[in-house]
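Chain by chain, the residues run as shown.
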Amino acid sequence: MPRLLVDAKNPHSKYELDEKMFDKMVAVNQKGTFLCSQAAAREMIKNYKCNF
């Protein structure tokens, strides 16, 4: 996976991060966190016991 924002020695090289790869990283990092949080919240709600 590319790891450079800008490759100073070789612009547009295979090591430079492009928009497609950035979109993939956002999808994995942010969407994955969102989906895991949502699933955990649903389980917490199922197990919640009201003591009022």
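J.: Sorry, what's going on with the overall build of the protein here?
T.: Check the secondary structure of the protein and you find one helix and zero strands. For a compact globule of 52 residues, the expected C-alpha radius of gyration is about 10 Å, and the protein comes in at 20 Å, more than 25% above that figure. With respect to the principal axes defined by its C-alpha atoms, the protein has extents near 65 × 15 × 15 Å. Burial statistics for the protein: of 52 residues in total, 8% are counted as buried. A total of about 5100 Å² of accessible surface is found on the protein, and carbon and sulfur atoms cover 61% of it. On the protein, the mean spot of the 9 positive side-chain charges and the mean spot of the 6 negative ones are 11 Å from each other.

J.: Is there a simple way to think about the pattern of salt bridges in this case?
T.: Between side chains of opposite charge, a pair can form as their charged atoms come close. For the structure shown, the criterion picks out one salt bridge. The salt bridge partner of glutamate 43 is lysine 46, with a shortest N-O separation of 2.9 Å. Remark: lysine 46 and glutamate 43 occur in helix H1 (residues 19–47); sequence separation between them is three residues, near one turn of the helix. For lysine 46, a relative accessible area of 61% gives the class exposed.

J.: What am I meant to see in the side chain of aspartate 7 here?
T.: Checked against the element boundaries, aspartate 7 lands in the segment before H1. Lysine 9 is the oppositely charged side chain nearest to the buried, salt-bridge-free aspartate 7, at an N-O distance of 7.1 Å. Within the structure, aspartate 7 has its side chain in polar contact with the backbone nitrogen of lysine 9 (distance 3.2 Å). A distance of 3.3 Å separates the side chain of aspartate 7 from the backbone nitrogen of asparagine 10, its partner in a polar contact. Not counting chain neighbours up to four residues away, the residues in contact with aspartate 7 comprise Ser13, Tyr15 and Glu16.

Reading the values: the criteria
- The residue numbering used here restarts from 1 in each chain and proceeds along that chain's sequence as written.
- With the structure being a predicted model, the display of local features is reserved for residues of pLDDT at least 70 and the display and counting of side-chain atom pairs for 80 or more, all residues being used for whole-chain, interface and lining totals.
- Computation of side-chain values: all heavy atoms of the structure, hydrogens and water removed.
- Counting from the N terminus, the helices are DSSP H or I runs at least four residues long and the strands are E runs at least two residues long.
- Note on method: radius of gyration uses C-alpha positions; expected globular size equals 2.2 Å times residues raised to 0.38.
- Buried, partly exposed and exposed residues are distinguished by accessible area as a fraction of the type maximum, computed with a 1.4 Å probe on protein chains only: under 20%, between the cut-offs, and over 50%, respectively.
- For the area figures, the Shrake-Rupley method with a 1.4 Å probe applies, and any residue is considered shielded solely by the protein chains shown.
- A positive count includes Lys and Arg, and a negative count includes Asp and Glu. His and the chain ends are not counted in either.
- Working definition for charges: the position is that of NZ of Lys, CZ of Arg, CG of Asp or CD of Glu.
- We count a salt bridge whenever a side-chain nitrogen from Lys or Arg sits within 4 Å of a carboxyl oxygen from Asp or Glu.
- Side-chain atoms alone can form a polar contact between residues adjacent in sequence; in general such a contact is a pair of N or O atoms within 3.5 Å, and within protein one must be able to donate a hydrogen while the other accepts it.
- Whether two residues are in contact is decided by their heavy atoms, any of which lying within 4.5 Å being enough.

So far we have only geometry, and geometry alone does not tell us how the molecule works.
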